[in-house]
Amino acid sequence: MRVAAVLTAAGSGSRLGSDLPKALVPLAGEPVVAHAARALVAAADLTHLVVTAPPAHVVDVAAALAGLAPGGCRVDVVPGGPSRQASVAAGLAAVVASGDLAPADVVLVHDAARPLVGADAVRRVVAAAARHGAAIPGLAVTDTVKVVDDAGRVTATPDRRTLRAVQTPQGFTLDVLRRAHEAGRDRAHDEATAATDDAGLVEALGLEVRVVDGDPRAVKITTAADLALAERLLHEDAAPITTAPGGHR
Ligand code: CTP
Ligand code: MG
């Protein structure tokens, strides 16, 4: 079985408020997109990595990825579209055009905005996607979540035990992801109508999507506070293990 990945990095990062697109903002001295790409190639033996970039930054994103992928992995950087969904569709078109994948092979779709995802979660997604056609990493929800109407009135309180906060990478067989994007194509022109994740397009087709355990450290970088949290998590990893004299950590 072959595995390809579409890494979405074409957003502007408006909520982060940096001059640079979010994927190029430094995290521990290295662009966010480089961390995300490294996490994917460390976890899966990728045949092809396609990265979506802001159209004005294709060259910068390619430079940020230099030397990251192993020899057997083809890397392409393509301009993204007007929504995340449109960007994934552009990346998927490059995967299809390469002709490397069979319909039952797996395509991961990962957000550069989650640079800290661990290898175990990625591997769980690959295995479940190959088996079930579509798989996504999810975490139990600790907040109580309300459904509200436009006036701010609460209309429902879903049973928290039935809820999962979902992450990326999401994994699909090539056949399932192609069909889902094909069927949802008319929504992609605008972020307001577009699907916020790829599994949503698969669900709209009536196909099964399985949830596997996500990674609590795979925080999504949306605001400056998230970026600071990601920095702290990375520095915790890098910190030397100190042992008190004669004691335990
Ligand atoms: N993305 C993309 N193409 C777009 C919009 C988003 O490839 N047209 C990517 C982003 O680069 C990011 C992921 O999709 O890795 C998730 O999007 P989000 O976290 O919303 O990032 P931005 O759209 O860049 O941020 P913001 O919404 O704050 O502008
Ligand atoms: Mg966005």
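See above for the structure.
(A) Spatial organisation of the site of ligand 1. The full set close to ligand 1 counts 20 residues, and Thr8, Gly13, Ser14, Arg15 and Ser87 are the nearest of them. Within the backbone of Ala10, a nitrogen or oxygen atom sits 2.9 Å from an oxygen atom of ligand 1. Between a nitrogen atom of ligand 1 and a main-chain N or O atom of Ser83, the distance comes to 3.3 Å. A total of 560 Å² of accessible area belongs to ligand 1 in isolation, and the protein chains cover 89% of it. Across the shell around ligand 1, the residue classes tally to five nonpolar, nine polar and six charged.

(B) Quick look at the pairing of strand β7 (residues 134-140). The element β7 is extensively covered by neighbouring structure, given that five of its seven residues are classed as buried. Pairing between β7 and strand β11 (residues 170-173): two bridges, direction antiparallel. Each residue of the ladder has a partner; that of Ala135, found in β11, is Gly171. In terms of strand pairing, β7 meets strand β12 (residues 210-213) through four bridges, oriented parallel. Among the inter-strand pairings, Gly138 is bridged to a residue of β12, identified as Asp213. Bridge count between β7 and strand β10 (residues 164-166): three bridges; the pairing is antiparallel. Each bridged residue has a counterpart across the sheet, and for Leu139 the counterpart in β10 is Ala165.

(C) Representation of the nonpolar core. Leu7, Val33, Leu46, Leu49, Val51 and Leu108 are the most contacted members of the largest nonpolar core, which totals 37 residues. Those residues in contact with Leu49 that sit more than four places away from it in its chain are Ala5, Leu7, Ala37, Leu40, Cys73, Arg74, Val75 and Asp76.

(D) Region of the structure containing the packing of helix α3 (residues 84-98) against helix α5 (residues 174-183). Between α3 and α5, whose axes approach to 11 Å, the crossing angle comes to 135 degrees. Comparing their axes, α5 and α3 come out oblique. Viewed along their axes, α3 and α5 form a crossing whose handedness is left-handed. Contacts between α3 and α5 pair Gln85, Val88, Ala89, Leu92, Val95 and Val96 from the former with Leu174, Leu177, Arg178 and His181 from the latter. Looking at the contact of α3 with α5 residue by residue, the classes come out as seven nonpolar, two polar and one charged.

(E) Quick peek at the environment of Leu234. Structurally, Leu234 is set in helix α7 (residues 224-238). As for Leu234 and Leu27, which are separated by 207 residues in sequence, their C-alpha atoms are 8.8 Å apart.

(F) Expanded view of the pattern of salt bridges. In total, this model carries nine salt bridges according to the counting rule given. A salt bridge links Asp175 to Arg179, with the nearest nitrogen and oxygen atoms 3.1 Å apart. Placement of both Asp175 and Arg179 in helix α5 is noted, with a separation of four residues, approximately one turn of the helix. Residue class for Arg179 comes out partly exposed when judged on its relative accessible area of 41%. Each of Arg84, Asp111 and Asp198 takes part in salt bridges that share partners, so that together they form one network.

The rules behind each value
- Residues numbered from 1 in each chain as written.
- Chains lettered and ligands numbered in written order.
- Predicted model: local features only at pLDDT ≥ 70, side-chain atom pairs only at ≥ 80, totals over all residues.
- Heavy atoms only, no water.
- Near = heavy atom within 4 Å.
- Polar contact = N/O pair within 3.5 Å; in protein donor to acceptor, adjacent residues only side chain to side chain.
- Areas by Shrake-Rupley, 256 points an atom, 1.4 Å probe, with all protein chains shown as cover.
- Nonpolar A, V, L, I, M, F, W, Y, C, P; charged D, E, K, R; others polar.
- Buried < 20%, exposed > 50% of the residue type's maximum accessible area, 1.4 Å probe, protein only.
- Helix = DSSP H or I, 4+ residues; strand = E, 2+ residues; numbered from the N terminus.
- Pairing = 2+ DSSP bridges.
- Core = buried A, V, L, I, M, F, W, Y, C linked by side-chain atoms within 4.5 Å.
- Contact = heavy atoms within 4.5 Å.
- Axes fitted to C-alpha atoms, helices over the stretch in contact; angles between N-to-C directions.
- Parallel < 35°, antiparallel > 145°, perpendicular 65-115°, else oblique.
- Left-handed = near helix turned anticlockwise from the far one by under 90°.
- Salt bridge = Lys/Arg side-chain N within 4 Å of Asp/Glu carboxyl O.

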